[in-house]
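Structural features, examined
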Protein chains: 2
Amino acid sequence: MTWVRVPPGSDFSFDNLPFGIVRPLRPAGMSPRAVIRIGDHALDLVAAGIAPALTSQPTLNQLMASRAGRDVRSRAADVLSGPERADWLHALADVEVLLPISIGDYVDFYSSIHHATNLGRIMRPNAEPLLANWRQLPVGYHGRAGTVAVSGTPVTRPEGLVPGADGVGQLMPTAALDFELEVGFLVGGPRATRISPDEADEHVFGAVLLNDWSARDIQGFESQPLGPNLAKSFMTSISPWVVTIEALRPFLVDPPAQQPEPDPYLHARRPWALDMHLDVELNGTRITETDFAGMYWTFAQQLAHITVNGATTGAGDLFGSGTVSGPTASERGSMIELTWRGTQPITLADGSTRAFLDDGDTVTMRGYCSTGSRDDDSSGRVGFGEVTGTVLATPSRNPPRPDASVGHTEPGG
Amino acid sequence: MTWVRVPPGSDFSFDNLPFGIVRPLRPAGMSPRAVIRIGDHALDLVAAGIAPALTSQPTLNQLMASRAGRDVRSRAADVLSGPERADWLHALADVEVLLPISIGDYVDFYSSIHHATNLGRIMRPNAEPLLANWRQLPVGYHGRAGTVAVSGTPVTRPEGLVPGADGVGQLMPTAALDFELEVGFLVGGPRATRISPDEADEHVFGAVLLNDWSARDIQGFESQPLGPNLAKSFMTSISPWVVTIEALRPFLVDPPAQQPEPDPYLHARRPWALDMHLDVELNGTRITETDFAGMYWTFAQQLAHITVNGATTGAGDLFGSGTVSGPTASERGSMIELTWRGTQPITLADGSTRAFLDDGDTVTMRGYCSTGSRDDDSSGRVGFGEVTGTVLATPSRNPPRPDASVGHTEPGG
């Protein structure tokens, strides 16, 4: 099907062909450009002469705004299945992989019923875990777009006010640094509003893996009444390869039933859940493995929700699914769930334990869709690669306070 | 001092010289460009040959990032006080005044102690009005940058889920549309982090008036646990003239004392409160008049706070002061305060009453700093002009529900 050798089990089969932005390392001085990844290579769209006005940009934003993405990808597929042009390929080892998008608005949701239930139980053990609005609308908030970073960027442990037993906040490095396993959706096309769920594929360009790094102790203190701010704004990581909505289409399935039925503006006739496998490794130990198809609110409903009030959305906007947790204990998408707010530390392969993340820890998330069985390494695999990051110590004076509490309010997201 | 005739009492004296972006209406086909406003005219910086690579852009972002703003403004002052060059001036009537900035990240604060106390009393009448964190850090959240609009843009009444007496949300136009009187600060210079309060003037390019339109009923239902979203994201209005930090410097004064003393990262030695008068008119009736200098948290502390966790901020970022309310009933910066959540409607000059905003209503906010007395119309006035907007009806099917509640949780901002 293609003259490029694709390693068995690669996330980047000929069925995938995601977009990215790379800077070739040689010759020196090469400018960033759009590529299509296949196997362990990247097809240089500028070299191949495919829509050079759009593909010679340092981000995918203009390509995403133009609606030419489908045609560009289709022409790339023609090149990759036509006469061999190895001179248009870069080996991944020969490029720097960059953040592919200049992020517009970033909204993060809270749409896994298992995650929201776990957080409710942890934070308010004597109350109904789900708040009254949770089943009626996809709860979400705006995050910081300017600190979205590409996979591989180290995350520096943030400082923030953490209250001691006296209730007085003191600036200190978070003692409760966490990850959140999410899928991020990137918007394409012209600015639009009042999008119905069944139009979602006209407005979603593609998807990435997303790690919503979180500081639970800072979050607990700051979040009333306006929601999380510094606890999330220090960094959000995304995977560099934008898997297109066209590649994902075969994996769209029916979502779980919703009870009660939501307001008509959230009704969809088409299937918008995404049948995708996700896992998380901490320092090489797999600590979570779950499926994305069980999310209560779909990305189509999320997009309909954030535009129903007349707000516009446009190319480069990003929205996160919210932490993906499944129904069982091995499917929890954050440390606060896995360790039940630090009370049940997990053990890694080297015998060490973690309540939250330590300096030096590396968190790696992976995800893929596959028409075969989960372990099938044949073609048909549409994978996301990985989003990874290593924790660096705070450049700071204060050690974490021993009596710091992890938070008083529901730190979801 | 200048050859341009400046009308007495103009906000745009020779001491002000704010930046804006306009498109000349004649000849047809002129491109947007940066100008300096003086009186009822705008100096065309491109025509005057001042930093044309920066001033011929459709937004001020590159100028703001470059740190050349002070020099550009100083050269414009030389032109305006040198030999007359009327051919470089546009009358305001001959230009379209545009949104001057492509907004990066937008953070909105909640920094008036009078506003936060009023909202606490309204929403939780039997509890301490200020939450435990309020005096320890400037509470804020991220808003939607893509729906920041320039003064004059109509605001369409948003729809959202509003719960009835049964607690079930139904999509309907908000029955509690509100304004919030704020001052917005725009960031310039290269991306920066861990900014100390006393470095604020190195990172703040200037300020505008800001109306944080809000839908109180939608906000009350959606805001737990992650804060406001649709209740604010439909639109935020700003005034078009960016008053520079250089013009504002003579009006920086000591802020109110803070008790308890905040953490050292929020300490400032220099005075960062801004001595600025603000007022609001609803359909021509003045309904609020207050002073900005009484804000509990200064913009310098706000900027220090949002970067203390390592988050970066860069040119084009916007942060709002939070609703400006003073200590008395005539100084309340939002309808929910003025009418005590609709229970005490206000009466306009035409005899009509308002609990919240009606379709067709026009809200106009004005603000200025002055070295003279408040009514002094002489020079030395550094004004912001106005931010105005008229409410349009929702393009929709449902009338507001009569039994709709205004919200269960604190709708601050």
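Here we summarise the structure given alongside this text.

How each quantity is defined
- Residues numbered from 1 in each chain as written.
- Chains lettered and ligands numbered in written order.
- Predicted model: local features only at pLDDT ≥ 70, side-chain atom pairs only at ≥ 80, totals over all residues.
- Heavy atoms only, no water.
- Helix = DSSP H or I, 4+ residues; strand = E, 2+ residues; numbered from the N terminus.
- Rg over C-alpha atoms; globule rule 2.2 N^0.38 Å.
- Buried < 20%, exposed > 50% of the residue type's maximum accessible area, 1.4 Å probe, protein only.
- Contact = heavy atoms within 4.5 Å.
- Areas by Shrake-Rupley, 256 points an atom, 1.4 Å probe, with all protein chains shown as cover.
- Lys, Arg positive; Asp, Glu negative; His and termini not counted.
- Charge placed at Lys NZ, Arg CZ, Asp CG, Glu CD.
- Pairing = 2+ DSSP bridges.
- Core = buried A, V, L, I, M, F, W, Y, C linked by side-chain atoms within 4.5 Å.
- Axes fitted to C-alpha atoms, helices over the stretch in contact; angles between N-to-C directions.
- Buried area = accessible area lost by both parts, 1.4 Å probe.
- Salt bridge = Lys/Arg side-chain N within 4 Å of Asp/Glu carboxyl O.
- Phe/Tyr/Trp six-rings, centres within 6.5 Å; stacked < 30°, edge-to-face > 60°.
- Lys NZ or Arg CZ within 6 Å of the ring centre and 35° of its normal.

What about the overall build of chain A?
- From N to C terminus, chain A includes 10 helices and 26 strands.
- Expected size for 413 residues packed as a compact globule is a radius of gyration near 22 Å; at 21 Å, chain A falls within 12% of this value.
- Counting all 413 residues of chain A, 63% fall into the buried class.
- Long-range pairs, those at least 24 residues apart, make up 76% of the contacts in chain A between residues at least 6 apart in sequence.
- Here chain A displays about 13900 Å² of accessible surface, and carbon together with sulfur accounts for 51% of that area.
- A gap of 3 Å separates the mean positions of the 31 positive and 47 negative side-chain charges of chain A.

Some points on the sheet that holds strand β9 (residues 155–156) of chain A
- Read from one edge of the open sheet, 5 strands run β9-β26-β25-β20-β21 (chain A), paired in mixed fashion. Since the sheet does not close on itself, it has two edges, and those belong to β9 and β21 (285–291) of chain A, each with one partner.

Quick look at the nonpolar core
- Ranked by internal contacts, the top residues of the largest apolar core, which has 162 residues, are Phe179(A) and Phe179(B).
- Listed in part, the 39 residues of the second largest apolar core include Ala34(B), Ile38(B), Leu60(B) and Val72(B).

Concerning the sheet that holds strand β3 (residues 41–44) of chain A
Residues and elements named next belong to chain A.
- Ordered by their spatial adjacency, 5 strands build an open sheet running β4-β3-β2-β1-β5, and the pairing between neighbours is antiparallel. In this open sheet, the two edge strands, each paired with only one partner strand, are β4 (89–91) and β5 (95–98). Pairwise comparison of adjacent strand axes, ignoring direction, gives a mean angle of 45° for this sheet.
- By the bridge criterion, 4 bridges tie strand β1 (residues 19–24) to strand β2 (residues 33–38) in an arrangement that is antiparallel. Its bridge partner lying in β2, Phe19 is registered against Ile36.

A closer look at the interface of chain A and chain B
- Taken together, the 53 residues of chain A in the interface contact 53 residues of chain B.
- Interface area for chain A against chain B, summed over the two sides, is near 4800 Å², with a carbon-plus-sulfur share of 54%.
- It is His142(A), Arg144(A) and Leu226(A) in chain A that bury the most area against chain B; as a group they hold 17% of the surface buried on that side.
- Scanning the region where chain A abuts chain B turns up 2 salt bridges.

Things to note about the packing of aromatic side chains
- Scanning all chains against the criterion turns up 18 aromatic pairs over all chains.
- Summarising the aromatic geometry, the rings of Phe12(B) and Trp241(B) are spaced 6.3 Å apart at their centres and angled 65° between planes, so their arrangement reads as edge-to-face. On the criterion of sequence distance, the pair formed by Phe12(B) in the segment before β1 (19–24) and Trp241(B) in the loop between β16 (236–238) and β17 (243–244) is long-range, its members being 229 residues apart. You'll find Phe12(B) and Trp241(B) in the same group, each marked buried.
- An angle of 15° between the planes, with centres 4.5 Å apart, marks the rings of Phe185(B) and Phe299(B) as stacked. A residue pair is termed long-range when its members are at least 10 positions apart, and Phe185(B) in strand β13 (residues 181–187) and Phe299(B) in helix α9 (residues 299–307) qualify at 114 residues.
- Residue classification places Phe299(B) among the buried positions, given a relative accessible area of 4%.
- Feature note: the residues Phe109(A), Phe185(A), Trp272(A), Phe292(A), Phe299(A) and Phe319(A) constitute an aromatic cluster, connected by ring pairs.
- The lysine or arginine in question, Arg381(A), covers the ring of Tyr368(A), its NZ or CZ lying 3.7 Å from the ring centre.

Just geometry here; none of it tells us what the structure is for.
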